[in-house]
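# Remarks on the overall topology
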Amino acid sequence: MPYAALSEILAAARFDAHAVPSIVGADPVLPAPYRIGAAGAAALAALGLAVAEVWERRGGRRQGVTVDLRAAAASLRSARYLRIDGKPAPVWDPMSGFYPVRDGWISIHCNFANHRAAAMRVLGSREERVEAEAKSAAWNGEALEDAIHAAGGCAGYVRTEEQWRTHPQARAVAAQPLIEIARFGDAPAEGLPKAARPLSGIRVLDLTRVLAGPTCARSLAEHGADVLKISAQHLPDSGPVELDTGIGKLSARLDLRNKNETEKLKELVKTGDVFSQSFRPGALAARGFAPEALAALRPGIVCVSLSAWGASGPWSARRGFDSIVQSVSGMAQRSAKNGKPAYLPVSAIDYVSGYLMAFGASVALARRARQGGSWLVSVALARVGQWIVDRGLVADEAWRAVPEELPEVELAPLLGEMDSPAGRIRFLRPVLRLSETPPYWSRPPVPLGTHPPVWPEKE
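An account of the accompanying structure is given in this report.

Calculation notes
- Residues numbered from 1 in each chain as written.
- Predicted model: local features only at pLDDT ≥ 70, side-chain atom pairs only at ≥ 80, totals over all residues.
- Heavy atoms only, no water.
- Helix = DSSP H or I, 4+ residues; strand = E, 2+ residues; numbered from the N terminus.
- Axes fitted to C-alpha atoms, helices over the stretch in contact; angles between N-to-C directions.
- Parallel < 35°, antiparallel > 145°, perpendicular 65-115°, else oblique.
- Left-handed = near helix turned anticlockwise from the far one by under 90°.
- Contact = heavy atoms within 4.5 Å.
- Nonpolar A, V, L, I, M, F, W, Y, C, P; charged D, E, K, R; others polar.
- Pairing = 2+ DSSP bridges.
- Buried < 20%, exposed > 50% of the residue type's maximum accessible area, 1.4 Å probe, protein only.
- Right-handed = clockwise from strand over helix to strand, strands pointing away.
- Polar contact = N/O pair within 3.5 Å; in protein donor to acceptor, adjacent residues only side chain to side chain.
- Arc of directions from axis to C-beta.
- Phe/Tyr/Trp six-rings, centres within 6.5 Å; stacked < 30°, edge-to-face > 60°.
- Lys NZ or Arg CZ within 6 Å of the ring centre and 35° of its normal.

## Quick look at unusual backbone geometry
Put simply, Asp27 and Pro28 share a cis peptide bond, and its omega is 0°. Examined against the element boundaries, Pro28 turns out to sit in the loop between β1 (22-24) and α2 (36-57).

## Comments concerning the packing of α2 against helix α15 (residues 348-371)
In the contact formed by α2 and α15, the axes pass within 9 Å of each other and the chain directions differ by 20°. The orientation of α2 relative to α15 falls into the category roughly parallel. α15 is crossed by α2, and the crossing has left-handed handedness. On the side of α2, the interface is formed by Ile36, Ala39, Gly40, Ala43, Leu44, Ala46, Leu47, Ala50, Val51, Glu53, Val54 and Arg57, while α15 contributes Ala348, Val352, Tyr355, Leu356, Ala358, Phe359, Ser362, Val363, Ala366, Ala369 and Arg370. Of the residues assigned to the contact of α2 with α15, the class counts are 18 nonpolar, two polar and three charged.

## Regarding the sheet that holds strand β2 (residues 65-68)
Across the sheet, which stays open at both edges, the three strands sit in the order β1-β2-β17 with mixed pairing between neighbours. One side of each edge strand has no neighbouring strand; the edge strands of this open sheet are β1 and β17 (432-434). Here the average twist between neighbouring strands, direction ignored, is 20°. Both β2 and β17 contribute to a ladder of three bridges, which runs antiparallel.

## A look at the pairing of strand β14 (residues 374-380)
Where burial is concerned, most of β14 is hidden: five out of the seven residues are buried. Across five bridges, the pairing between strand β8 (residues 180-185) and β14 is antiparallel. Of the residues in β14, the one forming a bridge with Arg183 is Trp375. Where strand β13 (residues 302-307) meets β14, six bridges bridge the pair, whose relative direction is parallel. Along β14, the bridge assignment pairs Cys303 with Leu376.

## A closer look at the pairing of β13
The buried fraction of β13 amounts to five of the six residues, a majority that puts the element mostly inside the structure. Summarising the sheet, strand β12 (residues 274-277) and β13 pair through four bridges and their orientation is parallel. Residue pairing across strands places Val274 opposite Val302, the latter belonging to β13. With helix α12 (residues 291-297) bridging β12 and its parallel neighbour β13, the resulting β-α-β unit is right-handed.

## Some details on the environment of Leu434
Relative to the helices and strands, Leu434 is located in strand β17. Aside from chain neighbours lying at most four places away, what touches Leu434 is Gly48, Val51, Gln63, Gly64, Val65, His223 and Pro439.

## Quick notes on the sheet that holds strand β3 (residues 83-84)
The four strands lie next to each other as β4-β3-β16-β15, forming an open sheet whose pairing is antiparallel. This sheet does not close on itself; its edge strands, each paired only once, are β4 (87-88) and β15 (415-420). As paired strands, β3 and β4 are joined by two bridges and run antiparallel to one another. Bridge pairing links Ile84 to Lys87 in β4.

## Re the side chain of Ser96
For Ser96, the location among the structural elements is in the loop between β4 and β5 (97-101). The buried category is assigned to Ser96, whose relative accessible area is 3%. Looking at Ser96, its side chain comes within polar contact range of the main-chain nitrogen of Cys110, at 2.8 Å. A polar contact of 2.8 Å, which involves the side chain of Ser96, links it to the side chain of Asn111.

## Comments concerning the side chain of Glu161
Mapping Glu161 onto the fold places it in helix α7 (residues 161-165). Given the relative accessible area of 15%, Glu161 is considered buried. Residues contacting Glu161, with those up to four places away along its chain left out, are Tyr34, Ser329, Gly330 and Arg334.

## Side note on helix α6 (residues 141-150)
For α6, the full list of buried residues reads Gly141, Leu144, Glu145, Ile148 and His149. Across the axial projection of α6, the buried residues extend over an arc of 130°, all falling on one side. As for α6, its buried residues are in contact with β5, β6 (104-108), α4 (113-123), α5 (129-136), β7 (155-157) and α13 (322-329). Once α6 ends, the next one or two residues include Gly152, with phi positive near 95°.

## Description of the packing of aromatic side chains
Applying the stated criterion to the full structure yields nine aromatic pairs. Judged by centre distance (6.0 Å) and plane angle (85°), the rings of Phe112 and Phe321 are edge-to-face. Taken together, the residues span a long stretch of sequence, with Phe112 in the loop between β6 and α4 and Phe321 in the loop between β13 and α13 at a distance of 209 residues. With a relative accessible area of 4%, Phe112 lands in the buried category. Taken together, a centroid distance of 5.0 Å and an interplanar angle of 75° make the contact between Trp309 and Trp315 edge-to-face. Both residues of the pair, Trp309 and Trp315, count as buried. These aromatic residues form a ring-pair network of at least three members: Trp92, Phe98 and Tyr343. Geometry around Tyr99 places Arg129 over its ring, the cationic atom sitting 4.2 Å from the centre.

Below is the structure:
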């Protein structure tokens, strides 16, 4: 299964691998009806192959790529293993989750304060779970879904797989590629000089939030890229969980409503290599950061774009998260426990999307070195979710009998610790294995906005 999944990724990217990676292990690893281990392992193996090609273009030796499928499954909930001075970080707001409606259930995203407030306004409820559930029970699911989105929030009516399959957005998603890597501008080829690590000297601007986008930039950092996370004080964030996705990165604040700070970002673009963003379609273009504008500032830029639903369909401009995609697509219904829908025990859609984004960025960097050009990498959560579903199902009696966690003897070797400005951090180390350039993070995570918006000196 993992090799078939890997072949699909490579075919979608039109990437000819120089070697066959080693993927060991099999699903089920954790209690999930989908082959999440195969999906995660395949995406990581693809990333490893792309990074290995970059390394070869720098004069490095061909290297082996190995992925342990069970470790790959654990990586799909990396934030769960984060400890800050021995304490876990909260990853889920108590107001988030499934709410009853007249015709079933709805998932409401409340991890961001503005989304929580929008949903409670629609329900006419205080931020009190019992009251909010009583209010939601008076609504039809699709009507509440639409009303919350119209109010600036985010929700997903829980559908079956059959209901989703006939939805106009599902048909649009099915027509999209799993990953798109397209040349969209001319620029001279940029050779890659010899360096200590595959992505040494590559500068990455990370304008993403939550899990998928930050995982992309973190994955590039583990191969030596200089990643500068750009956030803004007025935008909601994921709180302490940012320390998990922030490992290996610098972090600065820029408010793009301010002209001077917008100009600072443009200056960073001019000497950068990768611009990764997960804003809703059109949001950054309105600020002067459409791919074409970025390529005008920096010919040869690699733009990485993450969306929830893709560029087509009635929901193309709608907000979306891993949990919402699970809910509307039938995944939550398939995972139901005791008659109530349930989320997967991992954020497979988010993390696999992040690995695919990093894979696409690495492929584009190698193509830039060989062919020149500016490149656009596009990934959509809903399309990745469909691809995970397409891996097939684990037998019900098999996945329901799997323990909730890996055995301690298996998990412990995957964990590492480091000091950070926020305290002593325990984290899940990179699970991808490269024989010549083992991945690692050279910078500790820092609170958002710790650094000035400037690039570090190149080695």
